[in-house]
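Fold and geometry: a report
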Amino acid sequence: MKAFVRGLIARANLEMPKIQRKWAWKESAGFGGVTPPPPPPEKGLENLTVADVLLTKDTDGGGGKVDTLISCRTNDTVFDAVKNMAKHNIGSLVVLRPGDQQYIAGIVTERDYMKKIIGAGRSSKVTKVGEVMTDESKLVSVSSGTNIIKAMQLMSENHIRHVPVIDGKIVGMISMVDVVRAIVDHQNGELKRLNQFIKGDYY
């Protein structure tokens, strides 16, 4: 996975200048010296942000707000937290303090469950989330304005798969899978647009 991510980062950094050069060549090579109109503008990979990833994750129309964020409390049991993850088919939960809807206390992941509960021989039904979570003071986080390539590099360098998105308060959570999918989808879209341009959809 690490090698794949490093390769994807390197490819993304290399492909964008190539794509930009192809557009420039097509724009200057019009038939009979007439410069054809450029294709409709597309948001470049270098301008794609965590906010764009959150929008694709937000299927309930909440725009990545806390009320659509799947979370748990520090005083919930690990058993209930893991059940919540399984129910929503996710690998981590934002942890909030009891009575606090906006500010993050930490995150708990399936890896925490495996290492700190199963691996340590503890009972998930009596252990509280606050005992096994990664505390807010130790979290690696991003903001909604962080570029997705930088977000991927941050996760890769810190050997983590989930990061909370914090703009003063918690606004969402993204995973390595979310970021990789966004990059691949964007590059596939660019290739499709290039093929359409080359085949004469623009003239």
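Structural data are supplied above this passage.
Each value, and the rule that gives it
Numbering of residues starts from 1 in every chain and runs along the sequence as written. Per-residue local features of the predicted model are confined to residues with pLDDT of at least 70, and side-chain atom pairs are confined, for both listing and counting, to 80 or more; whole-chain, interface and lining totals are unaffected and use all residues. Note: side-chain values were computed over all heavy atoms of the structure, leaving out hydrogens and water. Any Lys or Arg side-chain nitrogen located within 4 Å of an Asp or Glu carboxyl oxygen qualifies as a salt bridge. Strands are runs of DSSP state E lasting at least 2 residues, helices are runs of H or I lasting at least 4, and numbering of each runs from the N terminus. Burial classification: accessible surface area is computed with a 1.4 Å probe over protein chains only, and a residue below 20% of its type maximum counts as buried, one above 50% as exposed, and the rest as partly exposed. Directions pointing from the helix axis toward each C-beta atom define the arc. It only takes one pair of heavy atoms within 4.5 Å for two residues to be counted as in contact.

**Concerning the pattern of salt bridges**
Taken as a whole and assessed by the stated rule, the structure comprises four salt bridges. Where Lys 116 meets Asp 112, a salt bridge forms, and the shortest distance between an N and an O atom there is 3.5 Å. Of this pair, Lys 116 and Asp 112 both sit in helix H4 (residues 110-118), separated by four residues, roughly a single helical turn. Residue Lys 116 is classed as partly exposed on the basis of its relative accessible area of 30%.

**A few points about helix H3 (residues 78-88)**
Looking only at H3, the buried set comprises Val 78, Ala 81, Asn 84 and Met 85. In a view along the axis of H3, the buried residues occupy a sector of 120 degrees, so they form one face of it. For H3, exposure combined with an orientation more than 90 degrees from the buried face picks out Lys 83, Ala 86 and Lys 87. Those residues of H3 hidden inside the fold are in contact with strand S1 (71-73), strand S2 (92-96), strand S3 (104-109), H4 and helix H5 (129-132). Directly beyond the C-terminal end of H3, a positive phi value near 55 degrees is found at Asn 89.

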